[in-house]
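Below are the chains, spelled out letter by letter.
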Amino acid sequence: MSLSRGGCDGTWEPSGPMKTEKSRQQNCEDESRDAAQRDGTTRSSEEASDKGVERRGRVDEASLEANLKREEPKNEPKQKPYDIPMGMVRQAWRRVKANKGKAGIDKETIKDFEAKLEGHLYKVWNRMSSGSYFPPPVLTVEIPKNGGGKRKLGIPTVCDRVAQMVAKMQLEPEVEPLFHENSYGYRPLRSAIDAVGRARRRCWEYDWVLDIDIRGFFDNIPHDLMMKAVRKHAKEKWVELYIERWLKAPAQDEDGNISNREKGTPQGGVISPLLANLFLHYAFDRWMEEHHPEAPFERYADDIIVHGRSLEQMQKLKERIAQRLAECGLELHPEKTKIVYCKDGKRRRSHEHEKFTFLSYEFRPREAVSKSGKFLSFLPAISEEATKKIRKEIQKWKLHRESDRSLEELAQKVNPQVRGWMQYFGKYYRSKLYEVLLPLQGALIRWACRKYKKLQRHYGRASNWLRRISRREPKLFAHWEINVRQTVPSMGAV
């Protein structure tokens, strides 16, 4: 064996066959070190010699797989401060999608959000789980109110609505069992029509009603009292954290002006109705149950009516409720809050107010029919404000101009909306709703006059033609089902 001087550092290394074997081992060790630098994994020289020349190709594959995993959403939380299941985020998205809604300040619609769904949902989960989610400003728009004026409506972004839905799904099961039986707004298995039905029965039992209107309720909820109630019931720390951030999230109007919010919760937010119920549960519901159990009430969010036996009782109760709400940072509207007398055939006194509106139903004396004949009763029916809205909507359809469509196609277009009106406003005093839908029948008659030459300028002939079709196919149009009802329903009829 001969020795020769090796590299430039002056060290000696074997030559010949021994040199070849030694060089191979050295190359493997160098390659192992290179691989360790590429994929972050420390490997021994023995492992490198076993793997041989395949090492470099496998390292590249592992590196590529690691990069892909960093880019793809992970369904299972790892080392996050808050344990929020990814499945809950997906379920929240499905609910937000079903509720539809407009775009927020980022102008991203439901359809746009769904186009990159996995990435968006992963972002929501990742930020909420790590405690780094901060809601963007809420877009504020003004919409007309039924009684005149305008109401501010807050529209969160689609991403923020998903995040709010996650918090709502966590908090709602904890507070829902606590809510009062007379609270109907935005609660599972309860509806506005249930509240109207309960109010209808109690108006027969009690002579007086206190119609309560809270001035700017959603805009004036004190944050400190709201968070006090949230902290009492939120078992998860992240629910408390994000609700406080949502309450303080700034508002941005349509011109781009941003303003900070020191009180209130945006009306239109996903979690706002639940927070409103929680706040009024302590501010009103429990207080009424403890201090005035003799005065039953119905409450749908901030729409409240209270029943009583006498005018004096209602006057005192109005003062006490005003004082109670003032303690909670709220105020009764001095003009819209009023005491109403439930006048009927047996209650014949007179009072300044003998009607009120509750959940788009107007309660007032109306003629009813029983087995013994007609009589006067205090009954609900569709309100004048709701009537105007429906008729404006029918005018927007412009059905008489769609002469290129068939009668069946027109029915498919209008029936979903009409059925919705019938299911709600047709529950009580349905004959009043038939009067409201008369313009729809008139639009169909004008459509027939424009479509068929033999009916042109013959309004009566077109009306008779549609009447014959309605008798032959009474379920073609939803409103045709009302036509066969009595003009004035019986007191117990629906």
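On a predicted model such as this, the values are computed, not experimentally measured, just so you know. (Residues numbered from 1 in each chain as written. Predicted model: local features only at pLDDT ≥ 70, side-chain atom pairs only at ≥ 80, totals over all residues. Heavy atoms only, no water.)

Asks: Could you give an account of the packing of aromatic side chains, with specific residues and numbers?
Replies: Per the stated rule, a full pass over the model turns up 19 aromatic pairs. Ring geometry for Y361 against F425: centres 5.8 Å apart, planes inclined by 40°, an arrangement best described as tilted. Remark: F425 occurs in helix α15 (residues 407–425) and Y361 occurs in strand β12 (residues 361–370); sequence separation between them is 64 residues. Looking at F425, the relative accessible area reads 10%, which means it is buried. An aromatic cluster is present here, built from Y361, Y424, F425 and Y428 joined pairwise through their rings. Note that R309 overlies the ring of Y206, its terminal NZ or CZ placed 4.0 Å from the centroid. Across from the ring centre of Y429, 5.6 Å away, lies the NZ or CZ of R366, which sits over that ring. (Phe/Tyr/Trp six-rings, centres within 6.5 Å; stacked < 30°, edge-to-face > 60°. Helix = DSSP H or I, 4+ residues; strand = E, 2+ residues; numbered from the N terminus. Buried < 20%, exposed > 50% of the residue type's maximum accessible area, 1.4 Å probe, protein only. Lys NZ or Arg CZ within 6 Å of the ring centre and 35° of its normal.)

Asks: A description of the nonpolar core should follow, citing residues and the corresponding values.
Replies: Formed by 71 residues in total, the largest nonpolar core has its most connected members in I243, V306 and I321. Residues contacting I243, with those up to four places away along its chain left out, are L171, M227, V230, I271 and L275. The next biggest cluster of nonpolar side chains, apart from the first, holds 53 residues, and it includes V196, V414, V418 and L455. (Core = buried A, V, L, I, M, F, W, Y, C linked by side-chain atoms within 4.5 Å. Contact = heavy atoms within 4.5 Å.)

Asks: Go over empty space enclosed by the protein, please, and point to the residues and values.
Replies: Using the criterion set out here, one finds two cavities of 30 Å³ or more in the structure. Together, V138, D160, Q164, I243, W246, L247, T265, P266, G269, I271, S272 and L275 line the largest cavity. Among the elements that take part in the lining of the largest cavity, helix α11 (residues 237–248) stands out by supplying three residues, more than any other. Of the residues contributing to the lining of the largest cavity, the split by class is seven nonpolar, four polar and one charged. (1 Å grid on protein atoms, 1.4 Å probe; cavity = no way out; pocket = protein on both sides within 12 Å on 5 of 7 lines; lining within 4 Å. Points joined across faces, edges and corners; volume = space filled by probe spheres on them. Nonpolar A, V, L, I, M, F, W, Y, C, P; charged D, E, K, R; others polar.)

Asks: An account of the pattern of salt bridges is needed here, citing residue identities and associated values.
Replies: In a structure, side chains of opposite charge can pair up when their charged atoms sit close to one another. On inspection of all chains with the given rule, the structure shows 19 salt bridges. When the shortest N-O distance is used, the salt bridge between R405 and E402 registers 3.0 Å. Linking E435 and K432 is a salt bridge whose minimum nitrogen-to-oxygen distance equals 3.9 Å. One end of the pair, E435, and the other, K432, are both in helix α16 (residues 430–436), three residues apart, so they sit about a helical turn from each other. You can call E435 partly exposed: its relative accessible area is 41%. You can call K432 buried: its relative accessible area is 18%. Residues participating in the shared-partner salt-bridge network are K355, E362, R364 and R366. (Salt bridge = Lys/Arg side-chain N within 4 Å of Asp/Glu carboxyl O.)

Asks: Break down a negative patch on the surface for me, with residues and values.
Replies: A surface patch of negative charge is lined by D404, E408, E409 and E473. Positionally, E473 belongs in the segment after α18 (459–472). Under the relative-accessibility criterion, E473 is labelled partly exposed at 33%. (Patch = residues over 30% accessible without salt bridge, like charges linked within 9 Å, V, L, I, M, F, W, Y side chains within 5 Å. Areas by Shrake-Rupley, 256 points an atom, 1.4 Å probe, with all protein chains shown as cover. Lys, Arg positive; Asp, Glu negative; His and termini not counted. Charge placed at Lys NZ, Arg CZ, Asp CG, Glu CD.)

Asks: So what about the sheet that holds β12? Which residues, and what values?
Replies: Pairing within the open sheet is antiparallel, and its three strands lie in the order β11-β12-β13. For this open sheet the edge positions go to β11 (356–358) and β13 (373–382), each flanked by a neighbour on one side alone. Strand-to-strand twist in this sheet, taken as the mean axis angle between neighbours without regard to direction, amounts to 55°. Direction of pairing for β11 relative to β12: antiparallel, over a ladder of three bridges. Bridging from a neighbouring strand, F358 pairs with Y361 of β12. Sheet strands in contact with helix α8 (residues 192–205) are β11, β12 and β13, and its direction is about 145° off that of β13. (Pairing = 2+ DSSP bridges. Axes fitted to C-alpha atoms, helices over the stretch in contact; angles between N-to-C directions.)

Asks: With reference to specific residues and values, describe the packing of helix α4 (residues 86–99) against helix α7 (residues 158–175).
Replies: Packing of α4 against α7 leaves a shortest axis separation of 8 Å and a crossing angle of 115°. Seen from above, α4 lies across α7 with right-handed handedness. Touching M88, V89, Q91, A92, W93, R95, V96 and N99 of α4 are V158, R161, V162, M165, V166, M169 and Q170, all from α7. Looking at the contact of α4 with α7 residue by residue, the class counts come to ten nonpolar, three polar and two charged. (Left-handed = near helix turned anticlockwise from the far one by under 90°.)

Asks: Mind laying out a positive patch on the surface, listing which residues take part and the relevant values?
Replies: Taken together, K454, R461, R468 and R472 make up a surface patch of like positive charges. By secondary structure assignment, the location of R461 is in helix α18. You can call R461 partly exposed: its relative accessible area is 44%.

Asks: Tell me about α18, and please be specific about residues and values.
Replies: Between its terminal C-alpha atoms α18 stretches 20 Å, which fits the 20 Å expected from 14 residues at 1.5 Å a residue. By the burial criterion, the buried members of α18 are A462, S463, W465, L466, I469 and S470. One face of α18 carries all of its buried residues, which in axial projection span an arc of 160°. Pointing more than 90 degrees away from the buried face of α18 are the exposed residues R471 and R472. On its buried face, α18 sits against α15 and α17 (438–451). (Expected span 1.5 Å × (residues − 1). Arc of directions from axis to C-beta.)

Asks: How would you sum up the layout of surface pockets? Please name residues and give values.
Replies: Gaps between atoms show up when a probe of the same size as a water molecule is rolled over them. Volume-wise, the second largest pocket comes out at about 400 Å³. In this structure, the second largest pocket is lined by 21 residues; those nearest its centre are T140, K152, A251, S259 and R261.

Asks: I'd like to hear about the packing of helix α14 (residues 384–397) against α15, residue by residue, with values.
Replies: Each pair of packed helices gets described by two things: the angle between the helix axes and the distance between those axes. Contact geometry of α14 with α15 gives a least axis separation of 12 Å together with a crossing angle of 175°. On the basis of the axis angle, α14 is roughly antiparallel to α15. Contact residues: A386, I390, E393, I394 and W397 in α14; K413, V414, Q417, V418, W421 and F425 in α15. By residue class, the composition of the contact of α14 with α15 is eight nonpolar, one polar and two charged. (Parallel < 35°, antiparallel > 145°, perpendicular 65-115°, else oblique.)

Asks: Which residues make up unusual backbone geometry, and what values do they have?
Replies: With a phi angle near 65°, L189 is a residue other than glycine that sits in the positive phi range. Looking at the element boundaries, L189 is found in the loop between α7 and α8. In this model, Y429 sits at a positive phi of 55°, which is unusual for a non-glycine residue. You can see Y429 is positioned in the loop between α15 and α16.

Asks: How would you explain the pairing of strand β8 (residues 297–300) if you had to name every residue and give the values?
Replies: Residues of β8 alternate between two faces, with F297 and R299 on one and E298 and Y300 on the opposite face, all of them buried. With four bridges joining them, β8 and strand β9 (residues 303–308) adopt antiparallel strand pairing. Within β9, the position partnered with Y300 by the bridge is D303. Taken together, β8 and the strand that follows it, β9, pair antiparallel across an intervening segment of two residues, in which A301 is found at a positive phi of about 55°.

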